[in-house]
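Structural characterization, general
Listed here are the chains, written in short residue letters.
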There are 2 protein chains.
Amino acid sequence: MIKIAIVGYGNLGRGVERALKQNPDMELVGVYTRRKPETVQTDGATVFGLDDLAEQKGKIDVCILCGGSATDLPVQTPAITKLFNTIDSFDTHAKIPEHFATVDQAAKESQTVSIISTGWDPGLFSLNRLYAQSILPEGDTYTFWGKGVSQGHSDALRRIDGVAAAIQYTIPKNEVIEKLKAGKKMNLTTRDKHLRECFVVLAEGADEQAIKEEIVTMPNYFAEYDTIVHFISAEELERDHSAMPHGGTVLRTGTTHENTKQVIEYKLELESNPEFTASVLVAYARACARLADEKQFGAFTVLDIAPKYLSPIADATLRKELL
Amino acid sequence: MIKIAIVGYGNLGRGVERALKQNPDMELVGVYTRRKPETVQTDGATVFGLDDLAEQKGKIDVCILCGGSATDLPVQTPAITKLFNTIDSFDTHAKIPEHFATVDQAAKESQTVSIISTGWDPGLFSLNRLYAQSILPEGDTYTFWGKGVSQGHSDALRRIDGVAAAIQYTIPKNEVIEKLKAGKKMNLTTRDKHLRECFVVLAEGADEQAIKEEIVTMPNYFAEYDTIVHFISAEELERDHSAMPHGGTVLRTGTTHENTKQVIEYKLELESNPEFTASVLVAYARACARLADEKQFGAFTVLDIAPKYLSPIADATLRKELL
C-alpha cells in the first residue's frame, strides 16, 4: 500500500480524497491543514494540523500538495520535499523553471522525489504537445480551453455596479477547430479561438441594458471577444452553475511528405475540474512512490516519466492488454 | 547526428525516408533490402543488399525495421537486434508478449536496445489507453478505427465474381461516439461501432444488383454491419481512392466522485497511414539512440519510455515551453 497524505483541503484536496477511494493500492493517512483541524469537514479522512506533518517522516510515502500556486506551493513544495516525496500542481507557467530548480535541489539534497506541475494544463496537455510535436515536426500546435469557468472573468463581472452575482464560461470556437483540422493555416490569438458566455444576476433596480453594454465593452476582458450575456435569477445561478466543468483541446496539425495532412487531437470534457486534476495527481503519486523506490531522487515533471509508472498493473499485463 | 538504416522498403520504409528529412538531428545511411538493390527506387537514399548490413556494425545507431508482422519481423527483429539497436512496428496483438520476450533476450545478450510494436495502434493508442485508465480507474475505454482502408475487407470484395477492383473503408459511427461521451453505457462490439463503405468497379457484363446483394449478405465480412456499396469506374477508383488514409479514436469515459462524468478523447485523422506510422517510428528511433547511450539495454515498448526521449529539444527548454 502506498501511504498518502493530503496537504491543504480545498476543492483539490477533497478531489484527491475522493480519487484515492478509486485506487485500492493507496491508503490515505490523513489531511494536513493550516486551519484548525476541527473546523475542516472531510469525506471521512482524519484531519491534522500542518505542524504535525514533520513528525510523520518515514511513515508517509507521498504528500500530495493541494495548495495554491500563487503563494502556497512556491514555499511548501521545497519545504515539504526536504522531508517527504511530494506531488504538486504548480501552474504559474512562467515560473515553472524556477520552481523546478528550487524543488530539484531540495529533493536531491534530501534524497526524495518530487513531481511538479501535474494536472491537465500543465500536465496532460503538456504531454500531448510533446508527443505531437515530436511525431509531426512540421506543423502547428493549438490549445483551446473550455467549456469552463474563468475565475478572473467571473470576478470582473461581479465588480460591476448593479451585478449581484455572476459566472463566466470560456467556450472554444468549434468552427475554428474544424477549419484548423481541415488544414487551414491561421495565426490565432486566444481571443480568436474562444468566446465568452456570461450568466449575470442583477441587483434590485439595476438597468439590464446598461449593464449588458458595460460588459460587452469592458476592455481586456470582453470588448475584444464575442460575448454572450444572459440575465438569470439567483436561484438559477445556484441550481445550474454550481459545478466546476472545464476541459479543452490540444490540436497538432502537420504534414508529412509534401502536403499530406496529419491531425492529432487530444480533448478533455470534464464535469469537475478539481476532481479530474486530483485524479491526475493521484496517478502520478503512484509514479512518485515508484521513482523513490528506485532511488531516482530529484524533481520531475510529467515529461520525464514513463507512462507505465502511472499504472498499478504489471508491465507484462500492460503489454498483453494495451498494446 | 543519429545514424539510421531503413530495413525493408515498402510504403513504411518510404515513409521513414521522408520523415527523416523532417528531423535534422538524424542522418539516413542507407536502405537495406532483400530485393536486388538496383531494382529499388527510393526518394534518394542509397540502397544496399540486406546481406551487407552486418558489416556496418558500429556504424549505425538505429535500424528502423519496416518489414511485415506476419513473417518478416518475428525473425528479423531478434536477428538484427543481436548487432544493432532496432525499432519495429510489430502489430500482431496476440503475439506481442512472445515477440517482446524473444527480442528482450537478444537485446540483453548483445547489449543493444530494441523498441517494439511502435506506431499508432499498437503505439500511440496503447499509450493513451494506459494514461486514461490510470487517471480514471472507474470507467470504460473504447477504440474506434477509421476512416481507413481495411485490406482484409477490400480483398474479400475483390474475390467476388464480377468485381474487377474494389476498396473498402471502415468508418466509425460518430453517433455512437457521441452517445458514449454523453455518458451512455453500452456493450459494444467492433460491428456496433463501425460501418463499412465499399467502392466497387464491376467487370464487363457483371450484374450490379446481384453483386450488391452478395456483398451486403457476405457472412463475417459485411452481413453483420451496415454496409454501403458504391459502383464506380476504374478511373474514379484510381483518381479518388489511391491514398492510404486512416485514423481512429481512443475514448475513455469515467466517473470521479459519484456520477461526475469525465471524458478523455484521443483522435487521429491521417491522410497517409504509412507516413504517419513512419513518423512515429522515427521519433522513437531518437528515444532508442538515447536509451542505448544510457546503456539501458533490452526490449522496450512505448509504455516504458518517458515522453522527453522523443524530442530533440533540451529538457529545460521543454519544461519552459510546453508545461
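Quick note: structure is the one above.
Just so you know, these numbers come straight off a predicted model, no measurement behind them.

Definitions and cut-offs
- Residues numbered from 1 in each chain as written.
- Chains lettered and ligands numbered in written order.
- Predicted model: local features only at pLDDT ≥ 70, side-chain atom pairs only at ≥ 80, totals over all residues.
- Heavy atoms only, no water.
- Contact = heavy atoms within 4.5 Å.
- Buried area = accessible area lost by both parts, 1.4 Å probe.
- Salt bridge = Lys/Arg side-chain N within 4 Å of Asp/Glu carboxyl O.
- Polar contact = N/O pair within 3.5 Å; in protein donor to acceptor, adjacent residues only side chain to side chain.
- Helix = DSSP H or I, 4+ residues; strand = E, 2+ residues; numbered from the N terminus.
- Nonpolar A, V, L, I, M, F, W, Y, C, P; charged D, E, K, R; others polar.
- Pairing = 2+ DSSP bridges.
- Buried < 20%, exposed > 50% of the residue type's maximum accessible area, 1.4 Å probe, protein only.
- Right-handed = clockwise from strand over helix to strand, strands pointing away.
- Least-squares fit on C-alpha atoms with pLDDT ≥ 70 in both.
- Core = buried A, V, L, I, M, F, W, Y, C linked by side-chain atoms within 4.5 Å.

1. As for the interface of chain B and chain A
Facing 65 residues of chain B, the contacting portion of chain A comprises 65 residues. Surface buried jointly by chain B and chain A totals about 5,900 Å² across both partners, of which 60% is contributed by carbon and sulfur atoms. On the chain B side of the interface with chain A, the three residues burying the most area are Gln22, Leu322 and Leu323 of chain B, jointly 14% of the side's total. At the boundary of chain B with chain A, the tally comes to six salt bridges. With a closest N to O distance of 3.1 Å, lysine 181 of chain B and glutamate 269 of chain A form a salt bridge. Run the count over chain B and chain A and you get 35 residue pairs in polar contact (both at pLDDT 80 or more). Counting only elements with at least two residues in the side of chain B that touches chain A, the list comes to α3 (96-110), α4 (124-135), β13 (261-270), α10 (273-293) and α11 (315-322) of chain B. Partitioned by chemical class, the residues of the side of chain B that touches chain A number 30 nonpolar, 19 polar and 16 charged. Relative to β13 of chain B, strand β13 (residues 261-270) of chain A runs antiparallel, the two being bridged by nine bridges. Across the sheet, residue isoleucine 264 of chain A finds its bridge partner in β13 of chain B, namely leucine 268 of chain B.

2. Brief notes about the pairing of strand β1 (residues 2-7) of chain B
All names here are of chain B. Among the six residues of β1, five are classified as buried, and the element is accordingly described as predominantly covered. Following the chain from β1 across helix α1 (residues 11-20) to the adjacent parallel strand β2 (residues 26-33), one finds a crossover that is right-handed. Where β1 lies against strand β4 (residues 62-65), four bridges are found, and the strand directions are parallel. Residue pairing in the sheet places isoleucine 4 in a bridge with valine 62 of β4.

3. A closer look at the relation of the copies chain B and chain A
Between chain B and chain A, the superposition needs a rotation of 180° and an axial shift of 0.0 Å, giving an RMSD of 0.0 Å. Here the two chains are linked by the operation of a two-fold rotation axis. Using C-alpha coordinates, one finds that chain B approaches the rotation axis most closely at alanine 306 of chain B, a distance of 1.9 Å. Interface overlap between copies: 100% of the residues of chain B at the interface are likewise at the interface in chain A, consistent with a symmetric, same-surface contact.

4. Quick word on the nonpolar core
Ile115, Phe276 and Tyr284 of chain A together with Ile115, Phe276 and Tyr284 of chain B are the most contacted members of the largest nonpolar core, which totals 144 residues. Not counting the four nearest positions on each side in its chain, tyrosine 284 of chain A is found in contact with Ile87, Ile115, Thr118, Leu127, Val302, Ile305 and Leu310 of chain A together with Tyr131 of chain B.

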